[in-house]
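Listed below, chain by chain, are the residues.
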Amino acid sequence: RFLSGNGSRSSDRIITQIRKNNTTTYMAESADNSSTAQLDVDEEETQQEVLAKYADMLETHFPRAVPDAVLIKHVTKVLGKHGFNKTNSINLVSTCRDEICRPFTEQLDRVWGPSFNISSLAGFCFCGRTGFKAAMA
């Protein structure tokens, strides 16, 4: 068992991995036990079959979730309509510092330029005035 932070949610999830015979079961439950999810993966299954199961589970528990690239493209378009772009804006990122969020931050960096990290665990912003001044420097 291990505790995994989730950058887009306020609650953490406890992930349990159980291996039995040729099957690995991944169970995720919110730290407050308000929701659970389970994914059973047989060693004989192809990666495509496992990804299809994962996609079904994701849609069940997080309806309307979109991939990082889709979100970044949409946010960039909306911000662009208001005059924001990578030449006149600072890429401040507040995601959970967990390694699972790094690909998202790297994608933001490619679109918006190098980011300034203002986050803490669970993506909370704790930088205050001094942190924002440091980002502007």
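What counts and what doesn't
- Residues numbered from 1 in each chain as written.
- Predicted model: local features only at pLDDT ≥ 70, side-chain atom pairs only at ≥ 80, totals over all residues.
- Heavy atoms only, no water.
- Helix = DSSP H or I, 4+ residues; strand = E, 2+ residues; numbered from the N terminus.
- Buried < 20%, exposed > 50% of the residue type's maximum accessible area, 1.4 Å probe, protein only.
- Contact = heavy atoms within 4.5 Å.
- Axes fitted to C-alpha atoms, helices over the stretch in contact; angles between N-to-C directions.
- Left-handed = near helix turned anticlockwise from the far one by under 90°.
- Nonpolar A, V, L, I, M, F, W, Y, C, P; charged D, E, K, R; others polar.
- Arc of directions from axis to C-beta.
- Polar contact = N/O pair within 3.5 Å; in protein donor to acceptor, adjacent residues only side chain to side chain.

Asker: Please give an account of the environment of Ile-118 that cites residues and values.
Answerer: Relative to the assigned elements, Ile-118 resides in the loop between strand E6 (116-117) and helix H4 (128-136). Looking at Ile-118, the relative accessible area reads 9%, which means it is buried. For the pair Ile-118 and Ser-94, spaced 24 residues apart in sequence, the C-alpha to C-alpha distance is 5.3 Å. With residues near it in sequence (within four places) discarded, Ile-118 still touches Leu-92, Val-93, Ser-94, Phe-124, Cys-125, Phe-126, Cys-127 and Phe-132.

Asker: Provide a residue-level description of the packing of helix H2 (residues 68-81) against helix H3 (residues 102-112), including the pertinent values.
Answerer: The interhelical angle for the contact between H2 and H3, taken along N-to-C directions, is 35°, at an axis separation of 10 Å. Remark: the crossing between H2 and H3 carries right-handed chirality. Contacts between H2 and H3 pair Asp-68, Ala-69, Leu-71, Ile-72, Thr-76 and Leu-79 from the former with Phe-104, Gln-107, Leu-108, Val-111 and Trp-112 from the latter. Residue classes in the contact of H2 with H3 are distributed as 8 nonpolar, 2 polar and 1 charged.

Asker: Give me H3: which residues, what numbers.
Answerer: Among all positions of H3, only Phe-104, Thr-105, Gln-107, Leu-108 and Trp-112 are buried. Projected onto a plane normal to the axis of H3, the buried residues spread over an arc of 160° and lie on a single side. Residues Arg-102 and Arg-110 are exposed on H3 and point more than 90 degrees away from its buried face. Tucked inside the fold, the buried residues of H3 contact H2 and strand E5 (92-93). Immediately downstream of H3, the backbone of Gly-113 shows phi near 90°, a positive value.

Asker: Describe the side chain of Ser-89, with residues and values.
Answerer: Mapping Ser-89 onto the fold places it in the loop between H2 and E5. A polar contact of 3.0 Å, which involves the side chain of Ser-89, links it to the backbone oxygen of Asn-85. Among residues more than four places away in sequence, those in contact with Ser-89 are Phe-84 and Trp-112.

Asker: I'd like a description of the environment of Asp-68, backed by residues and values.
Answerer: Within the secondary structure, Asp-68 is located in helix H2. Judged by relative accessible area, Asp-68 falls into the partly exposed class, the value being 31%. Along the chain, Asp-68 and Gln-107 lie 39 residues apart, while their C-alpha atoms are 7.9 Å from each other.

Asker: Please provide a residue-by-residue account of the side chain of Thr-105, values included.
Answerer: Position of Thr-105 relative to the elements: it lies in helix H3. For Thr-105, the contacting residues outside a window of four places in its chain are Val-93, Thr-95 and Ser-115.

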